[in-house]
Amino acid sequence: MAAGTAAAGVCLLSDKAAALVSSPVKTNILRPPGAVPEEIFPAKCIRCGRCVEVCPYESIVPPDIRKGIYAGTPLIDVKKIPCYLCMKCVQVCPTGTLTRISQQETRMGLAVIDKHSCVTWNEELALCRTCYNVCPFKEKAIKLDQLRPVVIEEFCTGCGLCTHGCPVNRKDGNKAINIEPIYAFKPVRW
Amino acid sequence: MPGKQPKKTFYNRIRLLSLTSAFILILAVPFLNRYCHFSFIQGWYQSLSIGHLWFVSPLEGLESILTSRKLYGPLLVGMIGPVLLALLLGRVFCSWICPISFLSEIMDRLIRLLTGKKFRKPGIAMPRRMLWFALMGEVMLAMVIGAPVFVFLSPPGLVGREIMMATLFHTLAIEGVIVIIVLLLHLFSRRLFCRHLCPLGALIAVLGMARRLKIRKDKEACIDCGLCKRACPLSLDPAKDESLSAYCWNCGECVDACKPKALGYTWSSSRPKG
């Protein structure tokens, strides 16, 4: 009994410890534009907060020590405030953690439409085109296929404007169109 | 050379002015950035930019390079200024700019006002070498866990981060307690963190080992009164030439305290031995 409790305690502790060294980047929680892969991000970023200070929309928020070694690194919760791609943060990063790239080159993630939740994909007469309308690369990154939105992977920057605008709130807290950080976990080229 | 200061507390006043303006700078900058969209000056003492002139704290930069194993031009260029400052003047960042120093100074002055005592006892005495072990241990730890540890736990950086968090998001980060702990340690034992534990101070001290600006003693004028030792916030003894060692941070407390004016700042144009 006591041994079981102790083992459970150790498991809980190791889970907590693992959470301190695992990346906070996940669906809709993204890095600013130009970020190096997550493998190297916490090593390179010196947490100087200049991207946070310069962001005019307060999109970039630094987490505190509860995120372990990722404390103070810049994160964007696109459901709250998306990235408007003003590209100011990439110009001030002193360590090259945010590499200097253009708007079009930005790949914060990829917008993925949940066709089971999206009203336009589900209902015949629904004409919601919010994601299509708010997309900064309209007709390139999001197109309409028989009045239904389709994401074109090649051009999607992952800025999250579509997620922010989407009126559907799924039970798990996400939207009908979500940004998956598929580029954040690619391996580092040395 | 000594004997030139007309007023009694000369360097202390300038230093307090310098510390205060350095603190006001990091206090005002997030506010200006947030409410006036003024981004000409940005950041705090981890990375500070004035227009296109960028500074990066040497330890933060070094850790970033060591843990990421990548060199980045702007980072190296940003480190040149602080490194040159340390090479020529020694640990002056600690005593003349650091926000922790500012807060400690203010505390010192309050304590002086309350107790009426001019100098506080140094409190706990630990071997001075601990400073080097703090630096080595910290760099090792950063390499092991693969993230620059000092950057999110450094007290001087945290002061800046907390000011920014308060201005931008009207909240505070939990790790700010480290600042409070450091200040409590200071209350308990004078400048305990700066003296023994600060890795940034240690790195600047290493760089400043052969610094040009040093506090030297005039052997004839010194009367061995021991005032300088009591005044020194790092509990060094300038009368025993300890102000020439790597540990001295050129704050000038001893110069001001010296009654016979035997101590003074000197600039050596040739690199001294040792």
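Structural data are supplied above this passage.
Trainee: What is the right way to read helix 9 (residues 177-188) of chain B from this model?
Mentor: Note that an α-helix has 3.6 residues per turn; residues three or four places apart therefore point the same way. Residue and element names in this part refer to chain B. Look at helix 9: 16 Å from first C-alpha to last across 12 residues, which is about the 16 Å you get at 1.5 Å a residue. For helix 9, the full list of buried residues reads Val179, Val182, Leu183 and His186. The buried residues of helix 9 occupy one face: seen down the axis, they fall within an arc of 95°. Every exposed residue of helix 9 that faces more than 90 degrees away from the buried side is listed here: Ile180, Leu184 and Phe188. Looking at the buried residues of helix 9, the elements they touch are helix 5 (99-115), helix 8 (155-169) and helix 10 (192-197).

Trainee: I'm lost on the packing of helix 1 (residues 11-35) of chain B against helix 5 of chain B in this one. Help?
Mentor: All names here are of chain B. Between helix 1 and helix 5, whose axes approach to 9 Å, the crossing angle comes to 125°. For the element pair helix 1 / helix 5, the angle class is oblique. Remark: the crossing between helix 1 and helix 5 carries left-handed chirality. On helix 5, the residues that touch Asn12, Arg15, Leu16, Leu19, Thr20, Phe23 and Ile26 of helix 1 are Pro99, Ser101, Phe102, Leu103, Glu105 and Arg109. Within the contact of helix 1 with helix 5, the residues separate by chemical class into seven nonpolar, three polar and three charged.

Trainee: Would you mind showing me how to read the environment of Ser49 of chain B here?
Mentor: Mapped onto the secondary structure, Ser49 of chain B falls in strand 2 (residues 47-50). For the pair Ser49 of chain B and Ser39 of chain B, spaced 10 residues apart in sequence, the C-alpha to C-alpha distance is 9.1 Å.

Trainee: For this particular structure, what's the right way to read the interface of chain B and chain A?
Mentor: Reports of interface size often rely on the accessible area that becomes lost once the parts have come together. Taken together, the contact between chain B and chain A spans 37 residues of the former and 34 residues of the latter. Of the roughly 2900 Å² buried at the junction of chain B and chain A (both faces included), carbon and sulfur atoms supply 64%. Ranking the residues of chain B by area buried against chain A places Gln42, Trp54 and Tyr72 of chain B at the top, with a combined share of 19%. Glu58 of chain A is paired through a salt bridge with Arg34 of chain B; the nearest N and O atoms lie 2.4 Å apart. Seen at the junction of chain B and chain A, the total is 10 residue pairs in polar contact (both at pLDDT 80 or more). Mapped by element, the contributors of at least two residues to the side of chain B that touches chain A are helix 1, strand 1 (41-44), strand 2, strand 3 (53-56), helix 2 (58-68), helix 3 (73-89), helix 7 (149-153) and helix 8 of chain B. With five residues, the top contributor of residues to the side of chain B that touches chain A is helix 8 of chain B. Classifying every residue of the side of chain B that touches chain A gives 21 nonpolar, 10 polar and six charged.

Trainee: What is the right way to read empty space enclosed by the protein from this model?
Mentor: Left-over empty space is what a probe sized like a water molecule reveals as it rolls over the atoms. All names here are of chain A. Overall, the coordinates contain nine cavities of 30 Å³ or more when judged by the stated rule. Estimates place the volume of the largest cavity at around 120 Å³. Taken together, 16 residues form the lining of the largest cavity, with Cys45, Cys48, Cys51, Pro74 and Cys93 sitting closest to its centre. The element that contributes the greatest number of residues to the lining of the largest cavity is helix 3 (residues 50-54), accounting for three residues. Broken down by class, the residue content of the lining of the largest cavity amounts to 10 nonpolar, four polar and two charged.

Trainee: Teacher, can you tell me more about the sheet that holds strand 2 of chain B here?
Mentor: Adjacent strands of a sheet form backbone hydrogen bonds with each other and so pair up, either parallel or antiparallel. Residues and elements named next belong to chain B. Spatially, three strands are ordered 1-2-3 in an open sheet, and the strand pairing comes out antiparallel. Because the sheet does not close on itself, it has two edges, and the strands there are strand 1 and strand 3. Taking each pair of neighbouring strands and ignoring which way they run, the sheet shows an average axis angle of 10°. Direction of pairing for strand 2 relative to strand 3: antiparallel, over a ladder of four bridges. For Ser47, the partnering residue across the bridge sits in strand 3 and is Val56. Contacts from helix 1 reach strand 1 and strand 2 within the one sheet, and its direction differs from that of strand 1 by about 125°.

Here is what the cut-offs are and how they apply
Each residue is numbered by its place in its chain's sequence as written, counting from 1. As they are written, the chains are lettered A onward and the ligands numbered 1 onward, keeping that order. Totals for whole chains, interfaces and linings use every residue, but because this is a predicted model, local features are given only for residues with pLDDT of at least 70 and side-chain atom pairs only at 80 or more, for both listing and counting. Just so you know, side-chain values use all the structure's heavy atoms and leave hydrogens and water out. Starting at the N terminus, helices and strands are each numbered in turn, a helix being any DSSP run of H or I of at least four residues and a strand any DSSP run of E of at least two. An expected span of 1.5 Å times one less than the residue number is assigned to each helix. Exposure classes here rest on a 1.4 Å probe applied to the protein chains alone. A residue is buried below 20% of its type maximum, exposed above 50%, and partly exposed in between. Starting at the helix axis, one direction is taken to each C-beta atom, and the arc is that of these directions. Whether two residues are in contact is decided by their heavy atoms, any of which lying within 4.5 Å being enough. The axes are straight lines fitted to the C-alpha atoms, using for helices just the contacting stretch, and the angles between their N-to-C directions are given from 0 to 180°. Roughly parallel means an angle under 35 degrees; roughly antiparallel, over 145; roughly perpendicular, 65 to 115; everything else is oblique. By convention, the crossing between two helices is left-handed when the near helix turns anticlockwise from the far helix through less than a right angle, and right-handed when the turn is clockwise. The residue classification treats Ala, Val, Leu, Ile, Met, Phe, Trp, Tyr, Cys and Pro as nonpolar and Asp, Glu, Lys and Arg as charged. All others, Gly included, are polar. By buried area we mean how much accessible surface two parts lose on assembly, using a 1.4 Å probe and totalling the loss over both. A side-chain nitrogen of Lys or Arg and a carboxyl oxygen of Asp or Glu constitute a salt bridge if their distance falls within 4 Å. Think of a polar contact as two N or O atoms within 3.5 Å of one another; within protein, one of them needs to be a possible hydrogen donor and the other a possible acceptor, and neighboring residues in sequence only count if both atoms come from side chains. The way it works is a 1 Å grid over only the protein atoms, where trapped points that fit a 1.4 Å probe form a cavity and open points with protein on both sides within 12 Å along at least five of seven lines form a pocket, and then any residue with an atom within 4 Å of a point lines it. Grid points are joined across faces, edges and corners, and a volume is the space filled by probe spheres set on the points. Here, a strand pair is defined by DSSP locating no fewer than two bridges between the strands.

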